[in-house]
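Working through the structure, step by step
Next come the chains, spelled out residue by residue.
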Amino acid sequence: MSDLSRATEEQEIEMEEGREAHSGHPNPHIREIAEKDASSAIAVAGHPIHAMLVHFPIAFVIATLGIDVFYWFTGDMFWRDVGVWSAGAAFIFGVLAAIVGTLELLAVAGIRVRVASWNHAIAAMVLLAIAGANAGLRIFWPETVLPNGLMLSVLASLATAFAGWHGGKLIFDHGIGLLISSRQ
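Residues numbered from 1 in each chain as written. Predicted model: local features only at pLDDT ≥ 70, side-chain atom pairs only at ≥ 80, totals over all residues. Heavy atoms only, no water.

Observations concerning the overall build of the chain
- Broken down by element type, the chain carries eight helices and two strands.
- Of the regular secondary structure in the chain, the N- to C-terminal order runs α-α-β-β-α-α-α-α-α-α.
- Put simply, the chain has 184 residues, and 33% of those count as buried.
- As displayed, the chain offers around 11000 Å² of accessible surface, 70% of which is attributable to carbon and sulfur atoms. (Helix = DSSP H or I, 4+ residues; strand = E, 2+ residues; numbered from the N terminus. Buried < 20%, exposed > 50% of the residue type's maximum accessible area, 1.4 Å probe, protein only. Areas by Shrake-Rupley, 256 points an atom, 1.4 Å probe, with all protein chains shown as cover.)

If you want it as structure tokens, here you go:
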């Protein structure tokens, strides 16, 4: 088998396995990226704090959408009031996750050099802006929850999916923040 066909076959295997950057990659720039440490700098017992925190804003964003649908169907002011708390919690927990995520991005060279990290960071900042607008709308103009708050909740849910997709790529494709045990 020629070197060219072997290299092509290896690239096809890499594509199938989803590995983008590894030490045996034919591109020297990608090999250089793969050699940088991508372990979490802000962690508790090896568990990245950002990965622990992101579940809260995700849950509250999706819950706010559900609450808005309940408010739309029932017209009960209870759901409008609950939506204020849910949207506010989504924003506050989003700010906490964003602070830790930004510190992680700036502190770890192996995270900083990957394009997916910046895609995730930008998507998360857009999500944070939408969540902030959603919470602010509910606090200062509660009468506009339908339709404006509902639309912001839908937009926030879509932004959550997009940011989560790129966050997942960092973990599953790049191994960001993973601790590989010697026992495995």
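Structure's up, so let's keep going.
A few points about empty space enclosed by the protein
- Enumeration over the complete set of coordinates arrives at one cavity of 30 Å³ or more.
- Each pocket or cavity is described by its volume, and for the largest cavity that value is around 50 Å³.
- Surrounding the largest cavity, Val61, Thr64, Ala87, Ala90, Ala131, Asn134, Ser153 and Ala156 form its lining.
- Put simply, the parts of the chain that give the lining of the largest cavity at least two residues each are α4 (55-74), α5 (77-107), α7 (115-140) and α8 (145-172).
- Residue composition of the lining of the largest cavity, by class: five nonpolar, three polar and no charged. (1 Å grid on protein atoms, 1.4 Å probe; cavity = no way out; pocket = protein on both sides within 12 Å on 5 of 7 lines; lining within 4 Å. Points joined across faces, edges and corners; volume = space filled by probe spheres on them. Nonpolar A, V, L, I, M, F, W, Y, C, P; charged D, E, K, R; others polar.)

Points about the packing of α5 against α7
- The N-to-C vectors of α5 and α7 enclose an angle of 155°; their axes lie 9 Å apart at closest approach. On the basis of the axis angle, α5 is roughly antiparallel to α7. Between α5 and α7 the crossing geometry is left-handed. Here α5 contributes Gly83, Val84, Ala87, Gly88, Phe91, Gly94, Val95, Ala98 and Leu105 to the contact with α7, which in turn contributes Ser117, Trp118, Ala121, Met125, Leu128, Ala131, Gly132, Asn134, Ala135, Arg138 and Ile139.
- Partitioned by chemical class, the residues of the contact of α5 with α7 number 13 nonpolar, six polar and one charged. (Axes fitted to C-alpha atoms, helices over the stretch in contact; angles between N-to-C directions. Parallel < 35°, antiparallel > 145°, perpendicular 65-115°, else oblique. Left-handed = near helix turned anticlockwise from the far one by under 90°. Contact = heavy atoms within 4.5 Å.)

Digging into the packing of aromatic side chains
- Tallied over the full model, the rule gives six aromatic pairs.
- Aromatic pair Phe60 and Phe93: ring centres 5.7 Å apart, planes at 10°, arrangement stacked. One end of the pair, Phe60, is in helix α4; the other, Phe93, is in helix α5, and 33 residues separate them in sequence.
- A relative accessible area of 27% places Phe60 in the partly exposed class.
- What makes Phe93 partly exposed here is its relative accessible area of 26%.
- Ring-pair connections join several aromatic residues into one group, and the members of that group are Phe56, Phe60 and Phe93. (Phe/Tyr/Trp six-rings, centres within 6.5 Å; stacked < 30°, edge-to-face > 60°.)

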